[in-house]
Amino acid sequence: MPSVVILISGRGSNLQALIDHATETSEYQIRAVISNRPKAAGLDLARAAGIETAVLDHTLFDSREAFDAELAQLVDGFQANWVVLAGFMRVLTAGFVNRYLGRLINIHPSLLPAFPGLKTHQQAIEAGVRLHGATVHFVTPELDHGPIVDQAAVQVLPDDTAETLAARVLQLEHRLFPRALAGLCAGRLNWTEASGSLRVNGALDAPLLIDISNKGH
Ligand code: GAR
């Protein structure tokens, strides 16, 4: 069974969705959950599911390079096929990213390439977009710019705030992320480097989830 290591920084709701999917389908096995924050709530979710956890506190490191080198040692120790960022709120060095290129994925709360970075829901409201959502993508050295694996969209409602929009997007993230990871693990999608650009080949059963049914809050 394909194996994964999941990196988190906080709440861990996407982690929980990934755990639930693994339990229900056995499409992948979660070897370990690593947090850069000792008090991340997601660590308790992993422990409750009987998954090994590790903490690497970034505040104890002098440089990004030193932290990432230690993180790579830790990740490598679990010998997993995939490295999954589920709310891991640190910029990774090119050295780390390139070590796992093609088997390192992230979920980002926007329809990339729109709204990379932080405060994506506020950015979406300010831009006046009608659709917003989430993206699972391969991680490359350029932040939030890797090849897109799959996306899910929600309608932006006239009275949405960043909070109400975030809540609806998060619900979709929980459906999108396990589905994308399972598709990768099963080889339904694969990644190649073609003529200097990175592309995702293949397609999941339904490439886009659009939830426009939720008219209220
Ligand atoms: C999620 O919305 C995820 O998309 C986002 O952080 C949240 C983590 O929530 N990730 C990023 O913004 C990465 N740049 P969770 O801990 O409940 O899964």
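### Regarding the pattern of salt bridges
Argument step 1. For the structure on display, the rule yields four salt bridges.
Argument step 2. Among the ionic pairs, Arg179 bridges to Asp150, the shortest N-O distance being 2.4 Å. Of this pair, Arg179 sits in helix α6 (residues 162-185) while Asp150 sits in strand β7 (residues 148-155), and the two are 29 residues apart along the sequence.
Argument step 3. According to the relative accessible area criterion, Arg179 is partly exposed, its value standing at 22%.
Argument step 4. Notably, a salt bridge pairs Arg168 with Asp160, separated by 2.7 Å at the nearest N-O pair. Like Asp160, Arg168 is buried.

### Thoughts on the site of the ligand
Argument step 1. Taken together, the neighbourhood of the ligand is formed by Arg11, Gly12, Ser13, Asn14, Gly87, Met89, Ile107, His108, Pro109, Leu170 and Glu173.
Argument step 2. Interatomic distance of 2.5 Å between a side-chain N/O atom of Arg11 and an oxygen atom of the ligand.
Argument step 3. The contact in question runs from an oxygen atom of the ligand to an N or O atom on the backbone of Asn14, over 2.9 Å.
Argument step 4. Its free accessible area being 450 Å², the ligand has 86% of it covered by the protein chains.
Argument step 5. A majority-of-atoms criterion places the ligand in the largest pocket.
Argument step 6. Mapped onto the shell around the ligand, the elements with two or more residues apiece are α1 (13-25), β5 (104-108) and α6.
Argument step 7. Considered class by class, the residues forming the shell around the ligand number four nonpolar, five polar and two charged.

Parameters at a glance
- Residues numbered from 1 in each chain as written.
- Predicted model: local features only at pLDDT ≥ 70, side-chain atom pairs only at ≥ 80, totals over all residues.
- Heavy atoms only, no water.
- Salt bridge = Lys/Arg side-chain N within 4 Å of Asp/Glu carboxyl O.
- Helix = DSSP H or I, 4+ residues; strand = E, 2+ residues; numbered from the N terminus.
- Buried < 20%, exposed > 50% of the residue type's maximum accessible area, 1.4 Å probe, protein only.
- Near = heavy atom within 4 Å.
- Polar contact = N/O pair within 3.5 Å; in protein donor to acceptor, adjacent residues only side chain to side chain.
- Areas by Shrake-Rupley, 256 points an atom, 1.4 Å probe, with all protein chains shown as cover.
- 1 Å grid on protein atoms, 1.4 Å probe; cavity = no way out; pocket = protein on both sides within 12 Å on 5 of 7 lines; lining within 4 Å.
- Sits in = over half its atoms within 2 Å of the grid points.
- Nonpolar A, V, L, I, M, F, W, Y, C, P; charged D, E, K, R; others polar.

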